[in-house]
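# Residue-level structure breakdown
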Amino acid sequence: VNDYARWPHAVEQFRDSPLNARMAVPLRWRGQVIGALMVAARSASRTFASEDVEILESFGDLAALALKNAELYAQVKSFSRDLEGQVEERTAELVQARQQVLEKAEQVQWLLSKTVHIQEEERARIARDLHDSVAQLTIGALYELQSAKSDMAARKLTTARQKVDTARDLLKQIEREIRQAIYDLRPALLDASGLVPALRKYAESFQGLSGLTCCVKVSGAPVSLPPPVEVVIFRIAQEALHNV
């Protein structure tokens, strides 16, 4: 448009502009118009010809390409920032999860060490109990039998019979001690009757062995507890009576 003021499609607010010669081309991208490129002549004597339109169209194609590249670059940067943020967030989550796993592993290791220590203490206690009772009783029974054998060789039958009876009593006591050791490992009465009857039975047995008056008082209605909890409560009562 070389005479914009008289052009029938002119915008009213631009009619009085000294830039009367104007030229515009669309900016296209893949068949779609995304904008426009317009130029105006500074000189009143300057007009535009078809070759000027061709040149401007070339610039328009380059401009559209540059704009799309800039848009794609901005999108890539945005995606990159989002991805970096996600990676950082995920990395932080993984670090936190790893720390939690390490803490759990330390707890498991501590519990394992504690369990092994308790097992070793229990083995040592059983060994001491067997040594203090069963081993000495066994040696005593062997001595009695050896002495009875000598008396039999010397025709001291009455004395030999008495020593055999003593050895038999020692062996019965050994049996009781072994049964008690097995009972201490896992009170069978807990499984058969429950905590309260097991405590009463143990108190009755303790009273018979020690001669000390012992009774169990239960407040409220008994409830069923998890087996490990019942064992711990039984052990507490058992240890308390042993301390007495």
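Attention shifts here to a negative patch on the surface. A contiguous patch of negative charge, built from Glu51, Glu54, Glu57 and Asp61, is present on the exposed surface. You can see Glu51 is positioned in helix α1 (residues 50–153).

With that settled, the discussion passes to the pairing of strand β1 (residues 22–29). Examined bridge by bridge, β1 and strand β2 (residues 32–40) share 8 bridges and lie antiparallel to one another. Bridged to Val25 within β2 is Leu37. Between the end of β1 and the start of β2, which pair antiparallel, lie 2 residues, with Arg30 showing a positive phi angle near 55 degrees.

Using the criterion set out here, one finds 2 aromatic pairs in the structure. Seen from their ring centres, Tyr4 and Trp7 are 5.9 Å apart, and the 45 degrees between their planes marks the pair as tilted. Owing to a relative accessible area of 31%, Trp7 belongs among the partly exposed residues under this scheme. The ring centre of Tyr4 lies 4.3 Å from the NZ or CZ of Arg22, which sits over that ring.

Turning our attention to the nonpolar core. Among the nonpolar cores identified, the biggest contains 11 residues, and these are Leu190, Leu195, Ala198, Leu199, Tyr202, Ala203, Phe206, Cys214, Val231, Phe234 and Leu241. Those elements that place two or more of their residues in this core are α4 (195–210) and α5 (227–243). The dominant element in this core, judged by the number of residues it contributes, is α4, at 6 residues. Residues Ala21, Met23, Ala41 and Phe48 belong to the second largest nonpolar core, which totals 6 residues.

So, on to unusual backbone geometry. Unlike most non-glycine residues, Arg30 shows phi in positive territory, near 55 degrees. The exposure class assigned to Arg30 is exposed, which follows from its relative accessible area of 78%.

Moving on to the pattern of salt bridges. The tally for this structure, following the rule as stated, stands at 6 salt bridges. Of the charged contacts in the structure, one is a salt bridge between Asp3 and Arg6, with a shortest N-O distance of 3.8 Å. The class of Asp3 is partly exposed, set by a relative accessible area of 31%. Since its relative accessible area comes to 73%, Arg6 is described here as exposed. Across the pair Glu71 and Lys68 runs a salt bridge, and its minimum N-O distance is 3.0 Å. Remark: Lys68 and Glu71 occur in helix α1; sequence separation between them is 3 residues, near one turn of the helix. Judged by its relative accessible area of 17%, Lys68 falls in the buried class.

This paragraph deals with the environment of Lys68. A sequence separation of 39 residues divides Lys68 from Trp29, and the C-alpha atoms of the two residues are 7.9 Å apart. Not counting residues within four places of it along the chain, the set of residues in contact with Lys68 comprises Trp29 and Ile34.

Criteria and cut-off values
- In this convention, every chain numbers its residues from 1, walking through the sequence in written order.
- The model is predicted, so local features are restricted to residues of pLDDT at least 70 and side-chain atom pairs to those at 80 or more, both for listing and for counting; the totals for chains, interfaces and linings are taken over all residues.
- To obtain the side-chain values, all non-hydrogen atoms of the structure were included, while hydrogens and water were left out.
- Surface patches are defined over residues having more than 30% relative accessible area and no salt bridge, joining like charges when they lie within 9 Å and nonpolar side chains (Val, Leu, Ile, Met, Phe, Trp, Tyr) when within 5 Å.
- Here, Shrake-Rupley sampling with a 1.4 Å probe gives the accessible areas, and only protein chains in the shown set may cover a residue.
- We define a salt bridge as a side-chain nitrogen of Lys or Arg found within 4 Å of a carboxyl oxygen belonging to Asp or Glu.
- Only four residue types enter the tally: Lys and Arg on the positive side, Asp and Glu on the negative side; His and the chain ends are excluded.
- Lysine's charge is taken at NZ, arginine's at CZ, aspartate's at CG and glutamate's at CD.
- Comment: elements are numbered from the N terminus, with helices defined as DSSP H or I runs of at least four residues and strands as E runs of at least two.
- Being paired, for any two strands, means DSSP has found at least two bridges between them.
- Any pair of Phe, Tyr and Trp rings, taking the six-membered ring for Trp, is counted once the centres come within 6.5 Å. Such a pair is stacked with planes under 30 degrees apart, edge-to-face with planes over 60 apart, and tilted for the rest.
- Relative accessibility under 20% of the residue-type maximum defines a buried residue, over 50% an exposed one, and the middle range a partly exposed one, all with a 1.4 Å probe and only protein chains included.
- Both a distance and an angle decide whether a charge sits over a ring: NZ of Lys or CZ of Arg must be within 6 Å of the ring centre and within 35 degrees of the ring normal.
- To define a nonpolar core, start from buried Ala, Val, Leu, Ile, Met, Phe, Trp, Tyr and Cys residues and group those joined through side-chain atoms within 4.5 Å.
- Residues are treated as being in contact if the distance between any of their heavy atoms lies within 4.5 Å.

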